[in-house]
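Fold and geometry: a report
Spelled out from the first residue to the last, the chains are:
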Amino acid sequence: MEIEPSYKPTSLGNEPSSNIPSLSPLSETLWREKAKTEIIGDVSARLTWKDLTVMVTLSNGETQNVLENLTGYAEPGCFTALMGPSGSGKSTLLDALSSRLASNAFLSGTILLNGRKEKLSFGTAAYVTQDDNLIGTLTVRETIWYSARLRLPDKMSRSDKRALVESTIVAMGLQDCADTVIGNWHLRGISGGEKRRVSIALEILMRPRLLFLDEPTSGLDSASAFFVTQTLRALARDGRTVIASIHQPSSEVFELFDQLYLLSGGKTVYFGQASEAYEFFEQAGFPCPALRNPSDHFLRCVNSDFDKVKATLKGSMKLRFESSDDPLDKISTAEAIRTLVDFYRTSQHSYAARQKVDEISKIRGTVLEAGGSEASFLLQTYILTKRSFINMSRDFGYYWLRLVIYIVVTICIGTIYLNVGTGYNSILARGSCASFVFGFVTFMSIGGFPSFVEDMKVFQRERLNGHYGVTAFVVSNTLSATPFLILITFLSGTICYFMVQLHPGFSHYVFFVLCLYASVTVVESLMMAIASIVPNFLMGIIIGAGIQGIFMLVSGYFRLPHDIPKPVWRYPMSYISFHFWALQGQYQNDLNGLIFDNQTPELPKIPGEYILEYVFQIDVKRSKWIDLSVILSMIIIYRIIFFIMIKINEDVTPWIRGYLARRRMQQKSGAQNTTIAPDVLTQSPSLRTYISNKK
Ligand SMILES: Nc1ncnc2c1ncn2[C@@H]1O[C@H](COP(=O)(O)OP(=O)(O)OP(=O)(O)O)[C@@H](O)[C@H]1O
């Protein structure tokens with residue numbers, strides 16, 4: 001395979017764009033659209049970081065420096081690889097540069113984008129995480145196509161969007177699997193390597209100026225890793241700034257790196273041209289032995305775990321016959337790391353890096369508006385609704401399985417309460433039937449929780465990269481689920497109503513089905529709200545079941561409404577419980593107007609109104625339609641809660657966590673001296689910054 005000529009560092013002059021590789025016509029068009037300025041000039045991104053230190057607070061209040069005094073830069077047209085052993089701080093450096101640090105992490109030092117001390121807005125800088133959170137039921141082409149439609153401007157023609165999608169598929173080498181589904185628990189889909197490439201494709205779609213990738217080659221075979229890295233380098237050559245952490249590159253992959261940032265224990269071991277690293281290690285006294293892959297050698301020099309490997313191999317045949325000209329055999333890795341870090345600090349590479357950072361920092365380049373989606377809210381909502389509907393219809397576990405179970409359970413109810421009639425015993429039977437339907441049958445909706453969690457993961461990835469807003473997501477999620485919920489409740493409600501022979505009459509039938517629909521939708525909304533803050537299947541189901549169990553208890557069936565203890569349980573709990581309103585409405589719907597036999601034929605018949613008021617303690621003065629409208633309004637309330645939960649999770653929770661972490665750290669630093677004074681640390685940025693930047 002042909003490899004492009006290697007990167008040559010640009011010499012910076014007064015004209016910032018003079019030596020920048022030009023953007024492809026497509027990228028340039030997209031960026032011109034975004035900049036909303038007449039004369040754009042240089043649309044590239046130059047990132048510098050100087051004396052960057054990241055400190056994390058641990059749960060016991062102790063602090064740990066994850067990164068220490070890092071200085072470096074990333075330029076357009078250049079592919080920078082971050083390398084280092086596991087735990088060396090590669091992901092943390094990427095997070096710090098892309099404003100995604102965890103809330104218990106604090107940074108000091110300077111990060112400048114185009115010479116300005118600005119937080120990176122999401123969308124301008126794309127970030128490909130280690131996890132591939134994709135929708136399993138969509139094909140590769142559909143995944144990229146929907147993503148394109150979610151973000152590209154409304155006025156861009158469909159054919160142009162198609163062309164962009166197809167070119168991205170080709171760029172990522174996904175042609176062969178373009179029409180294969182991604183795959184989920186019941187659909188066999190594309191391979192892990194192909195998933196990685198799809199995740200990258202989604203982020204390069206909008207041709208971002210600055211691209212961060214956390215381990216884009218992890219889990220790939222060496223050929224796929226080479227292919228992905230080559231694509232990343234080609235992206236860099238198109239005028240972009242690409243920074244990726246790479247775990248264990250093969251020699252072919254290593255040759256594709258322009259700049260290498262080698263870390264160990266959060267310290268810089270080497271930063272400079274990748275091609276010069278070999279010489280650096282030689283000068284530092286750690287020449288790469290013949291027949292060893294240089295990148296393996298560099299990592300071996302800085303990975304303290306190799307001490308344990310050596311100890312394990314000590315005395316074995318392997319070690320005895322190994323060549324002894326390797327200096328690493330004579331000293332411990334900790335010593336080697338210390339030597340290398342000190343050597344780098346005083347080296348020409350470190351001096352040149354600092355000088356370059358100072359030069360770049362002086363140039364105040366173009367600042368473009370926050371990136372992210374350029375599609376209108378209506379288009380985003382439409383596309384999200386369509387995508388979500390397709391996913392729900394293809395995923396057997398989302399609604400179809402529930403539909404089958406609902407039908408089976410309602411047939412069981414129908415056969416047990418078959419033609420319940422108006423005998424004396426049927427009074428209690430009708431009450432318990434309604435209670436079971438609106439209690440247990442609606443309760444089964446928590447079965448959809450795993451699918452909600454998957455939806456939330458995809459949402460979080462897309463949201464962090466600025467693909468669309470929270471409102472569009474909440475509205476589309478509500479709309480796409482509606483047809484399925486109507487189908488489920490219509491079929492199961494109809495089976496139950498006609499088999500049990502509930503109160504005859506079309507309006508009674510409609511009320512029963514509507515009430516069931518409203519109740520099931522409330523449970524769905526409640527579970528979505530839980531999924532937005534509890535991303536764990538088991539925890540979410542336990543919490544959802546617990547909340548519903550309490551609501552059922554105060555519904556007025558297990559304890560009659562007037563007998564429910566007034567503090568807490570009746571006011572407000574029973575009024576918050578949708579089961580309470582559903583039973584109040586359905587009892588009226590079913591019993592009002594019916595006449596029931598008494599215990600013995602001699603005694604007078606019992607009117608339904610009497611049973612409602614004196615047996616079930618129902619407020620007969622309130623219309624059943626009011627009860628129904630309360631449940632319908634609960635759907636809206638729960639959806640608003642869902643929206644608020646997402647906002648809280650995005651904004652308030654990180655702030656609280658950050659505040660607590662800062663307090664813990666300050667309390668601890670009262671007793672001990674920390675390396676960095678807490679007041680010079682910056683709170684790790686959150687989506688709050690993003691939102692305020694967008695305004
Ligand atoms: N928010 C945090 N809270 C506590 N410790 C953290 C936090 N972030 C990072 N660390 C610690 O900092 C060290 C570096 O983590 P980081 O994930 O950056 O390493 P890495 O080089 O990317 O590792 P890997 O290659 O295994 O992903 C680890 O020891 C990790 O436990």
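Procedures and definitions
- Residues numbered from 1 in each chain as written.
- Predicted model: local features only at pLDDT ≥ 70, side-chain atom pairs only at ≥ 80, totals over all residues.
- Helix = DSSP H or I, 4+ residues; strand = E, 2+ residues; numbered from the N terminus.
- Buried ≥ 20, exposed ≤ 12 C-beta atoms within 10 Å, placed from the backbone.
- Contact = placed C-beta atoms within 7 Å.
- UniProt positions renumbered as here; feature names shortened; annotations may be inferred.
- Axes fitted to C-alpha atoms, helices over the stretch in contact; angles between N-to-C directions.
- Parallel < 35°, antiparallel > 145°, perpendicular 65-115°, else oblique.
- Left-handed = near helix turned anticlockwise from the far one by under 90°.
- Nonpolar A, V, L, I, M, F, W, Y, C, P; charged D, E, K, R; others polar.
- Near = placed C-beta within 6 Å.
- Pairing = 2+ DSSP bridges.
- Expected span 1.5 Å × (residues − 1).
- pLDDT = per-residue confidence, 0-100.
- Right-handed = clockwise from strand over helix to strand, strands pointing away.

1. What about the overall build of the chain?
If you tally the helices and strands in the chain, you get 25 helices and 14 strands. Per-residue burial over the chain gives 46% buried out of 695 residues. Sequence-distant contacts, at least 24 apart, represent 79% of the contacts inside the chain between residues at least 6 apart.

2. Digging into the UniProt feature "transmembrane region" (unreviewed entry) in the chain
The UniProt record annotates "transmembrane region" (unreviewed entry) at residues 399-420, 432-453, 473-500, 509-531, 537-560 and 625-646. In residues 509-531, the share of helix is 100% and the share of strand is 0%. The end C-alpha atoms are 33 Å apart.

3. What about the packing of helix α17 (residues 449-464) against helix α19 (residues 506-533)?
Relative orientation of the contacting elements α17 and α19 amounts to 50°, with a least axis distance of 9 Å. What the angle tells us is that α17 and α19 run oblique. In this structure, α17 meets α19 at a crossing whose hand is right-handed. Contacts from Phe449, Phe452, Val453 and Met456 in α17 reach Met527, Met528, Ala531 and Ser532 in α19. Across the contact of α17 with α19, the residue classes break down as seven nonpolar, one polar and no charged.

4. Some points on the site of the ligand
Lining the immediate environment of the ligand, one finds 15 residues, of which Ser86, Lys90, Ser91, Thr92 and Ala102 sit closest. Broken down by element, the residue count for the shell around the ligand peaks at three residues, all from helix α2 (residues 90-97). When grouped by side-chain class, the residues that make up the shell around the ligand number five nonpolar, nine polar and one charged.

5. Topic: the pairing of strand β8 (residues 259-264)
The element β8 is extensively covered by neighbouring structure, given that six of its six residues are classed as buried. Two elements, strand β3 (residues 78-83) and β8, share four bridges in a ladder whose sense is parallel. Each residue of the ladder has a partner; that of Thr80, found in β8, is Gln259. Note: β8 against strand β9 (residues 267-273), six bridges, orientation antiparallel. Looking at the pairing, Leu263 lines up with Thr268 of β9. Remark: two residues form the turn of the hairpin made by β8 and β9, two consecutive strands paired antiparallel; Gly265 in that turn has positive phi of roughly 55°.

6. Observations concerning helix α6 (residues 222-237)
Compared with an ideal rise of 1.5 Å per residue, which puts 16 residues at 22 Å, α6 spans 22 Å between its outermost C-alpha atoms and is within 8% of the ideal. When we look at burial in α6, the residues that qualify are Ala225, Phe226, Val228, Thr229, Thr231, Leu232, Arg233, Leu235 and Ala236. Positive backbone phi, at 95°, marks Gly239, one or two positions downstream of α6.

7. Looking at the sheet that holds β8
The strand order β5-β6-β7-β3-β8-β9 describes an open sheet built from six strands, whose pairing is mixed. Edge positions in the open sheet fall to β5 (125-128) and β9, since each of these has one partner strand only. Across the sheet, the mean angle from the axis of one strand to that of its neighbour is 15°, orientation sign disregarded. Contacts from helix α12 (residues 333-345) reach β8 and β9, with the element oriented near 50° to β9.

8. A look at the confidence of the model for the chain
In the predicted model, the chain carries a mean pLDDT of 85, and the fraction of residues at 70 or more is 84%. Segment residues 1-6 is flagged for pLDDT under 50; beyond a separation of four residues in sequence, or across chains, it makes six contacts in the model. Long-range and interchain partners of residues 683-695, a stretch whose pLDDT sits below 50, account for 26 contacts in this model, where long-range means more than four residues apart. Scoring of the predicted complex yields 0.81 for pTM and 0.97 for ipTM.

9. With respect to the packing of helix α18 (residues 470-500) against α19
Two elements in contact, α18 and α19, have axes whose closest approach is 8 Å; the angle formed by their N-to-C orientations is 135°. In terms of their interaxial angle, α18 and α19 are classed as oblique. For the crossing formed where α18 meets α19, the hand is right-handed. Touching Asn477, Ala481, Leu485, Ile486, Ile488, Thr489, Phe490, Gly493, Thr494 and Tyr497 of α18 are Tyr509, Phe512, Val513, Leu516, Tyr517, Val520, Thr521, Glu524 and Met528, all from α19. In terms of residue class, the contact of α18 with α19 is built from 13 nonpolar, five polar and one charged.

10. A closer look at the environment of Leu291
As for its position among the elements, Leu291 is in the loop between α8 (277-283) and α9 (294-302). Residues Leu291 and Gly439, spaced 148 residues apart in sequence, show a C-alpha to C-alpha distance of 70 Å.

11. Regarding unusual backbone geometry
Following Tyr571, the chain continues to Pro572 via a peptide bond in cis, the omega torsion being 5°. Secondary-structure assignment places Pro572 in strand β11 (residues 571-572). Notably, Asn69 is not glycine yet its phi reads approximately 50°, a positive angle. Mapped onto the secondary structure, Asn69 falls in strand β2 (residues 63-74). A positive phi angle, near 50°, is found at Glu215, a position not held by glycine. Looking at where Glu215 falls in the secondary structure, it is placed in the loop between β6 (210-214) and α6.

12. Quick look at the environment of Ser245
Summarising the element assignment, Ser245 is placed in strand β7 (residues 241-245). With 315 residues separating them in the primary sequence, Ser245 and Leu560 have C-alpha atoms 63 Å apart. In this view, Ser245 contacts Leu82, Lys90, Ser91, Leu94, Asp214 and Glu215; residues no more than four positions away in its chain are not counted.

13. Here we look at the environment of Val269
Positionally, Val269 belongs in strand β9. In this view, Val269 contacts Leu262, Leu263, Ser264, Val302, Leu340, Val341 and Tyr344; residues no more than four positions away in its chain are not counted.

14. Here's the deal with the pairing of β6
The element β6 is extensively covered by neighbouring structure, given that five of its five residues are classed as buried. Side chains Leu210, Phe212 and Asp214 of β6 all project onto a buried face; the interleaved residues Leu211 and Leu213 project onto the opposite face, where all are buried too. Pairing of β5 with β6, which is carried by four bridges, proceeds in the parallel orientation. Bridge pairing in β6 links Val128 to Leu213. In this sheet, β7 lies alongside β6 in parallel orientation, the contact comprising five bridges. Across the sheet, residue Leu213 finds its bridge partner in β7, namely Ala244. As a crossover connection, the stretch from β6 through α6 into β7 is right-handed.

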